[in-house]
Amino acid sequence: MQFKSLLAALFFAPALALAAAPAGTLYKDPNCGCCGEHAKHLRAAGYQITEVPTGDMSKVKHQYGTDVAASCHTLVIGGYAVEGHVPAAAIAKLLKEKPNAKGISVPGMPANSPGMGDYKAGTIDVMLIGKDGSVKPYGRF
């Protein structure tokens, strides 16, 4: 009986792991290459990312409240908005801690952030966007 249980666990474990991977929608300008590179970074960390090209990123940022700390693309995941080239570790922290906030952001497009070149962990300042639109430090990733 233990053998059957072990066999079933080995058979279903990959499917369960895939089903448990956080999924998100990344809204991006259709002419921007760095957004796709950031999506690759997130996929490599285990996230399921759907890329949606849109010609009106201002509307998306306003809709999700990330216009107060804007960057080039907006990810919607786990009930939060993630603006710009946010490292996967910061998103994991957000989804684990579940702060009372709209989301997180890396304003601008830092050259060493994921998707913008050679990412250097521990050098990216991530901001928390409060429900009231306030912006404050969330951590360095």
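Sequence positions are assigned chain by chain, starting from 1 and proceeding in written order. Owing to the predicted nature of the model, reporting of local features is limited to residues with pLDDT of at least 70; listing and counting of side-chain atom pairs is limited to 80 or more, with chain, interface and lining totals taken over all residues. No hydrogens and no water enter the side-chain calculation; it runs on all heavy atoms of the structure.

Caption draft 1: How the structure looks around the environment of Gly-55. Every helix listed is a DSSP run of H or I at least four residues long, and every strand listed is a run of E at least two residues long, numbered separately from the N terminus. Its location among the elements puts Gly-55 in the loop between strand E2 (48–53) and helix H3 (57–64). Of the residues examined, Gly-55 reaches a relative accessible area of 75% and is grouped as exposed. Sequence spacing of Gly-55 and Tyr-27 is 28 residues, and the spatial spacing of their C-alpha atoms is 9.6 Å. Throughout, exposure labels follow a simple rule: accessible area from a 1.4 Å probe, protein chains only, divided by the maximum for the residue type, with under 20% read as buried, over 50% as exposed, and the rest as partly exposed.

Caption draft 2: How the structure looks around the sheet that holds strand E4 (residues 80–83). Paired strands are those between which DSSP finds at least two bridges. In space, the seven strands of this open sheet follow the order E2-E1-E3-E4-E5-E6-E7, with mixed pairing throughout. Because the sheet does not close on itself, it has two edges, and the strands there are E2 and strand E7 (135–140). Averaged over all adjacent pairs, the angle separating strand axes in this sheet is 25 degrees, with direction ignored. For strand E6 (residues 125–130) and E7, the ladder comprises five bridges, and the chain directions are antiparallel. Each bridged residue has a counterpart across the sheet, and for Ile-129 the counterpart in E7 is Val-135. In this description, a line fitted to the C-alpha atoms serves as the axis of each element, helices being fitted only across the stretch in contact, and the angle between N-to-C directions of two axes falls anywhere from 0 to 180 degrees.

Take it as geometry only, folks, not as evidence of what the structure does.
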